[in-house]
Amino acid sequence: MVSTGVNVLRWSALAAGVFYGFSHQRTITAGQKANHSKHEYEKKQKLIDEAKAEYAKQKNPAPAAKDNVITDVNSPQFDLEKFLTKVAQENP
């Protein structure tokens, strides 16, 4: 028959192993939840940034490349005829 001391040692080792496994699993699960939350936040932030860029693009369209009309009157390259043509096209 096995002595009482050996049985106590076995049961203590089993309890310690179960406790360690439980705490280790909680640590792993918490890390996975944190990574998942971070991934979801980054995904939402990316969508928000894309929406902001699209909104800015709609509100402030880029000038056409062929309309390189200088509107600064004090510039030496200012052309009054091109400026007046551009204004006439914008305001029919």
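Everything below is about the structure printed above this text.
Along each chain, residues carry numbers from 1 onward, in the same order as the chain's sequence is written. Restriction of local features to residues with pLDDT of at least 70 applies here, the model being predicted, together with a cutoff of 80 or more for giving and counting side-chain atom pairs; totals for whole chains, interfaces and linings are based on all residues. Side-chain measures were taken over the full set of non-hydrogen atoms in the model, leaving aside hydrogen atoms and water.

Things to note about the overall build of the protein chain
Let me state the cut-off plainly: Where helices and strands are cited, they refer to DSSP runs of H or I of at least four residues and of E of at least two residues respectively, numbered from the N terminus. Two things to know: the radius of gyration comes from C-alpha atoms, and the globule rule equals 2.2 Å times the number of residues to the power 0.38. Whether a residue is buried, partly exposed or exposed follows from its accessible area with a 1.4 Å probe, protein chains only, as a fraction of its type maximum: under 20%, in between, or over 50%, in that order. Values of accessible area rely on a 1.4 Å probe in the Shrake-Rupley scheme; residue burial ignores everything except the protein chains shown. Under this rule, positive means Lys or Arg and negative means Asp or Glu; His and the chain ends count for nothing. The location of each charge is read from NZ of Lys, CZ of Arg, CG of Asp or CD of Glu.
Along the protein chain, the regular secondary structure elements total 2 helices and 0 strands. Taking 92 residues into account, the globule formula puts the C-alpha radius of gyration at 12 Å, and the protein chain, at 36 Å, lies well above it. Each principal axis of the C-alpha distribution contributes one length, and for the protein chain these read about 110 × 30 × 15 Å. Out of the 92 residues in the protein chain, the part that is buried amounts to 2%. With an accessible surface of roughly 8,700 Å², the protein chain has 60% of that area assigned to carbon and sulfur atoms. Computed over 13 positive and 10 negative side-chain charges, the inter-centroid distance for the protein chain is 19 Å.

Re the pattern of salt bridges
Using the following cut-off: What makes a salt bridge here is a side-chain nitrogen of Lys or Arg within 4 Å of a carboxyl oxygen of Asp or Glu, nothing more.
In this structure the tally under the stated criterion is 1 salt bridge. Between Lys 86 and Glu 90 there is a salt bridge, and its shortest N-O distance comes to 3.9 Å. Residue Lys 86 and its partner Glu 90 are located together in helix α2 (residues 80–90), separated by 4 residues, close to a single helical turn. A relative accessible area of 23% means that Lys 86 is categorised as partly exposed.

Some words on the environment of Thr 71
For the record, the criterion: The criterion used for residue contact is that any of the two residues' heavy atoms lie within 4.5 Å.
Relative to the helices and strands, Thr 71 resides in the loop between α1 (4–59) and α2. C-alpha of Thr 71 to C-alpha of Asp 49: the two residues are 22 residues apart in sequence and 32 Å apart in space. In contact with Thr 71, other than residues within four places in its own chain, are Phe 78, Phe 83 and Lys 86.

Describing a nonpolar patch on the surface
Selection criterion: Here, patches come from residues exposed beyond 30% relative accessible area and free of salt bridges, joined within 9 Å for like charges and within 5 Å for nonpolar side chains (Val, Leu, Ile, Met, Phe, Trp, Tyr).
There is a patch of nonpolar side chains on the surface, built from Trp 11, Leu 14 and Val 18 and spanning about 360 Å² of accessible area. Locating Leu 14 in the fold gives a position in helix α1. With relative accessibility at 47%, the residue Leu 14 sits in the partly exposed group.

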